[in-house]
Amino acid sequence: MNGGMTVLGVVFRPQNPPELLREATRVAETTGLEELWLWEDCFLESGIATAAAALAWTERLRVGIGLLPVPLRNVAVTAMEAATLHRLFPDRLILGVGHGVQSWMGQVGARVESPVTLLGEHLSALRALLAGERVTTSGRYVHLDAVALDWPPARAPKVYAGARGPRSIRLSGEHADGTLLDSVTDADGVRAVRTLIDAGRAAAGRADRHEVIANLLAVTGPDAEARLAAERTPEHAPGAGVAGDAHAVAGAVTRLAEAGADTVVLQTTADDTDPAAFIRFVAEEVRPLVR
């Protein structure tokens, strides 16, 4: 079970036009919400551009990118962009990377034979660069020759990995500082993930704390059940997702936290055209019910 207070976040889904982000960010800041999360889904909105804007518009809100697909990015570029944001907005960026949706990667000519290998190489190099190291490596996909950031963060930031399958989750335990789970995972899945993460950490000889961030599809309003059913896919675990009022949503958050999630990020359905209202619902009605 999560030993401290569960951190709550909300996703600004990229199905919303970018011009709605400023109001959503303002509501997240003024209502005291802990975290606002952004996605870099193809071919919707940039994770780095939206994160920079959200951070610039706020003073205390933590902003997460969940996640940047690494086949699209040279690791040195990822490190430069992340380091810049970490120095401009210390302790407020949460960076997640992942191997991306393979069909999307194929559309842009970036699909690789072993996405898990690429993710591991990218994570290792990215964490080293952000720690201020000079990196030379020649892997299957990542190649750097004495690369070092001139402006690394003041202290090495955490890097999170998005993972779903057993190989990716174990790799996250080995190479990342935390794991991002998407909304298909229920409480039983979080428990299983913790076991795989611990196996990866043991294999890598790591004893540092590894955070788990779980996404929860949460729908409220008079047509909540129907909207949830429409959004669910065959990949969603039986207990994944919740429809109902603030008490129902808080109960689902608590179940994920008790299973081992440190942070629960709530996402409404893709057809919700008022992200600011959902953020207000989470901050003002759900947050008081979650310890």
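The preceding data block contains the structure.
Quick look at the structure, then.

Criteria and cut-off values
Each chain has its residues counted from 1, following the order in which its sequence is written. Confidence filtering applies because this is a predicted model: local features only for residues at pLDDT of at least 70, side-chain atom pairs given and counted only at 80 or more, and all residues used for totals across whole chains, interfaces and linings. Working from all heavy atoms in the structure, the side-chain values ignore hydrogens and water. Where helices and strands are cited, they refer to DSSP runs of H or I of at least four residues and of E of at least two residues respectively, numbered from the N terminus. With the radius of gyration taken over C-alpha atoms, the globule rule is written as 2.2 Å times the number of residues to the power 0.38. Remark: exposure states derive from per-residue accessible area (1.4 Å probe, protein chains only) relative to the maximum for the residue type, with buried under 20%, exposed over 50%, and partly exposed in between. Two residues form a contact once any of their heavy atoms are found within 4.5 Å. The Shrake-Rupley method, run with a 1.4 Å probe, gives the accessible areas here. Residue values count only the displayed protein chains as cover. In this tally, Asp and Glu contribute negative charge and Lys and Arg positive charge; neither His nor the terminal groups of the chain are included. Charge placement uses NZ in Lys and CZ in Arg. For Asp and Glu, CG and CD serve respectively. In protein, a polar contact means a hydrogen-donor-capable atom and an acceptor-capable atom, both N or O and within 3.5 Å, with residues adjacent in sequence counting only if both atoms are side-chain atoms; elsewhere, any N or O pair within 3.5 Å suffices. Paired strands are those between which DSSP finds at least two bridges. Clockwise travel from the first strand over the helix to the second, with the strands pointing away from the viewer, marks a crossover as right-handed. Working definition of a nonpolar core: buried Ala, Val, Leu, Ile, Met, Phe, Trp, Tyr and Cys residues. They are joined through side-chain atoms within 4.5 Å. Within the patch definition used here, like charges are joined within 9 Å and nonpolar side chains (Val, Leu, Ile, Met, Phe, Trp, Tyr) within 5 Å, considering only residues with over 30% relative accessible area and no salt bridge. One side-chain nitrogen of Lys or Arg within 4 Å of one carboxyl oxygen of Asp or Glu is enough to make a salt bridge. Axes here refer to lines fitted to C-alpha atoms; in helices the fit is confined to the stretch in contact. Angles between the N-to-C directions go from 0 to 180 degrees. Roughly parallel here means an angle under 35 degrees, roughly antiparallel means over 145, roughly perpendicular means 65 to 115, and every remaining angle is called oblique. Take the far helix as the reference: if the near one is turned anticlockwise from it by less than a right angle, the crossing is left-handed, and if turned clockwise, right-handed. In the scheme used here, Gly and all other residues not listed as nonpolar or charged are polar, with Ala, Val, Leu, Ile, Met, Phe, Trp, Tyr, Cys and Pro taken as nonpolar and Asp, Glu, Lys and Arg as charged.

## Section: the overall build of the protein
Along the backbone of the protein there are 10 helices and 11 strands. Radius of gyration (C-alpha) of the protein: 18 Å, near the 19 Å computed for a compact globule of 291 residues. A burial count over the protein gives 55% of its 291 residues as buried. In the protein, the share of contacts with a sequence separation of at least 24, taken over all contacts with a separation of at least 6, comes to 75%. Surface accessibility of the protein: about 12700 Å² in total, with carbon and sulfur atoms responsible for 53%. Between the mean site of the 28 positive side-chain charges and the mean site of the 36 negative ones, the protein shows a separation of 5 Å.

## Focus: the environment of Lys158
Positionally, Lys158 belongs in the loop between strand E6 (143-147) and strand E7 (159-162). Through-space distance from the C-alpha of Lys158 to that of Leu228 is 33 Å; in sequence the pair is 70 residues apart. Beyond its immediate chain neighbours, meaning those up to four positions away, Lys158 contacts Leu95, Asp177 and Glu211. A distance of 2.8 Å separates the side chain of Lys158 from the side chain of Glu211, its partner in a polar contact.

## Observations concerning the pairing of strand E8 (residues 178-181)
Alternating positions in E8 separate into two faces, Gly178 and Leu180 on one and Thr179 and Leu181 on the other, with burial throughout. Relative to E8, E7 runs parallel, the two sharing 3 bridges. Paired with Tyr160 across the bridge in E8 is Gly178. In terms of handedness, the path from E7 via helix H6 (residues 166-175) over to E8 forms a crossover that is right-handed. Where E8 lies against strand E9 (residues 211-219), 4 bridges are found, and the strand directions are parallel. What sits directly across from Leu180, in E9, is Ile213.

## Re the nonpolar core
Core analysis: the largest hydrophobic core is formed by 77 residues, its most contacted members being Leu266 and Val286. Looking at this core, the element that brings in the most residues is helix H5 (residues 115-130), giving 9 residues. In contact with Leu266, not counting residues within four places along its chain, are Gly9, Val10, Val11, Leu216, Ala218, Val249, Val253, Phe278, Val282 and Val286. Counting residues in hydrophobic clusters, the runner-up holds 8 residues, among them Val11, Trp37, Ile213 and Val265.

## Examining the side chain of Thr50
With respect to the helices and strands, the residue Thr50 is situated in helix H2 (residues 47-56). Residues contacting Thr50, with those up to four places away along its chain left out, are Leu21, Leu38 and Glu45.

## Points about the side chain of Arg287
Along the polypeptide, Arg287 turns up in the segment after helix H10 (275-286). At 3.0 Å, the side chain of Arg287 and the backbone oxygen of Thr6 are in polar contact. A distance of 2.9 Å separates the side chain of Arg287 from the backbone oxygen of Val290, its partner in a polar contact. Excluding residues within four positions of it along the chain, Arg287 makes contact with Met5, Thr6, Val7, Leu8, Glu34 and Val282.

## Details of a nonpolar patch on the surface
A cluster of nonpolar side chains, contributed by Phe43, Leu72 and Val108, occupies part of the molecular surface with about 270 Å² of accessible area. Within the secondary structure, Leu72 sits in the loop between strand E3 (62-69) and helix H3 (75-88).

## Some thoughts on the packing of H3 against H5
Between H3 and H5, the least distance of the axes is 9 Å, while the angle of their chain directions is 40°. The orientation of H3 relative to H5 falls into the category oblique. Seen from above, H3 lies across H5 with right-handed handedness. Contact residues: H3 offers Val75, Ala76, Thr78, Ala79, Ala82 and Ala83, while H5 offers His122, Ala125, Leu126, Leu129 and Leu130. Taken together, the residues that form the contact of H3 with H5 break down as 9 nonpolar, 2 polar and no charged.

## Some points on helix H1 (residues 21-30)
Buried within H1 we find Leu21, Ala24, Thr25, Val27, Ala28 and Glu29. The elements touched by buried residues of H1 are strand E1 (7-12), strand E2 (35-38), H2 and H10. Phi turns positive, to about 85°, at Gly32, one or two residues after H1.

## Let's talk about unusual backbone geometry
Put simply, Cys42 and Phe43 share a cis peptide bond, and its omega is 0°. You can see Phe43 is positioned in the loop between E2 and H2. With omega at 25°, the peptide bond leading from Gly66 into Leu67 counts as cis. Tracing the backbone through its elements, the reader meets Leu67 in strand E3. Even without glycine at this site, Asp91 takes up a positive phi of about 65°. For Asp91, the position within the fold is in the loop between H3 and strand E4 (93-98). For Asp91, a relative accessible area of 47% corresponds to the partly exposed category. With a phi close to 55°, Ala146 is a non-glycine residue in the positive phi region.

Nothing here speaks to function; it is geometry throughout.
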